[in-house]
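# Fold and geometry: a report
One letter stands for each residue in the lines below.
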Amino acid sequence: MRKRRDFTALIEREGDGFFALCPELDIASQGDTVENARENLKEAVELFFEHASAGEIEEQLHEDLFITRLEVSVG
């Protein structure tokens, strides 16, 4: 049975499509819709784990990731 893990997907509009990033692994993808970008990113992450060595995974994985909001003065 395959082990399952949760990762972060950051998705933002880019032109006519959407850009998706998994910051824990620095893997990115894109798609025409949010869901398409998410699915493409999921596939890219799964392919990484299928083909990367244990050393590559350890080197690429950023487990201490913190996502927070900032309040800044502008203008």
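Let me sum up the structure you'll find in this document. Source: prediction; values computed, not measured. (Residues numbered from 1 in each chain as written. Predicted model: local features only at pLDDT ≥ 70, side-chain atom pairs only at ≥ 80, totals over all residues. Heavy atoms only, no water.)

Relative to the helices and strands, E24 is located in the loop between strand 2 (17-22) and strand 3 (27-31). Each residue touching E24, except ones within four places of it in the same chain, is listed here: F7, T8, Q60, L61, H62 and L65. (Helix = DSSP H or I, 4+ residues; strand = E, 2+ residues; numbered from the N terminus. Contact = heavy atoms within 4.5 Å.)

With that out of the way, let us pick up the pattern of salt bridges. It is possible for side chains bearing opposite charge to pair when their charged atoms get close. Enumeration according to the criterion identifies three salt bridges in this entry. When the shortest N-O distance is used, the salt bridge between E63 and R5 registers 3.5 Å. Here the residue E63 occupies a position in the segment after helix 2 (54-60), and R5 occupies one in the segment before strand 1 (10-14), the gap between them amounting to 58 residues. Owing to a relative accessible area of 43%, R5 belongs among the partly exposed residues under this scheme. Two residues, R38 and E35, come together in a salt bridge whose shortest N-O distance is 3.7 Å. Here R38 and its partner E35 are both found in helix 1 (residues 34-51), three residues apart, which amounts to about one turn of the helix. Residue classification places R38 among the partly exposed residues on the basis of a relative accessible area of 40%. Residue class for E35 comes out partly exposed when judged on its relative accessible area of 44%. (Salt bridge = Lys/Arg side-chain N within 4 Å of Asp/Glu carboxyl O. Buried < 20%, exposed > 50% of the residue type's maximum accessible area, 1.4 Å probe, protein only.)

Okay, a nonpolar patch on the surface next. A cluster of nonpolar side chains, namely L10, L65 and I67, defines an oily patch on the protein surface of about 250 Å² accessible area. Relative to the helices and strands, L10 resides in strand 1. Judged by its relative accessible area of 37%, L10 is partly exposed. (Patch = residues over 30% accessible without salt bridge, like charges linked within 9 Å, V, L, I, M, F, W, Y side chains within 5 Å. Areas by Shrake-Rupley, 256 points an atom, 1.4 Å probe, with all protein chains shown as cover.)

Glancing now at the environment of G17. Within the secondary structure, G17 sits in strand 2. The exposure class of G17 is buried, given its relative accessible area of 11%. Taking the C-alpha atoms as reference, G17 lies 8.1 Å from V34; in sequence the two are 17 residues apart. Residues contacting G17, with those up to four places away along its chain left out, are E12, G31 and D32.

Honestly, it's all geometry; don't read function into it.
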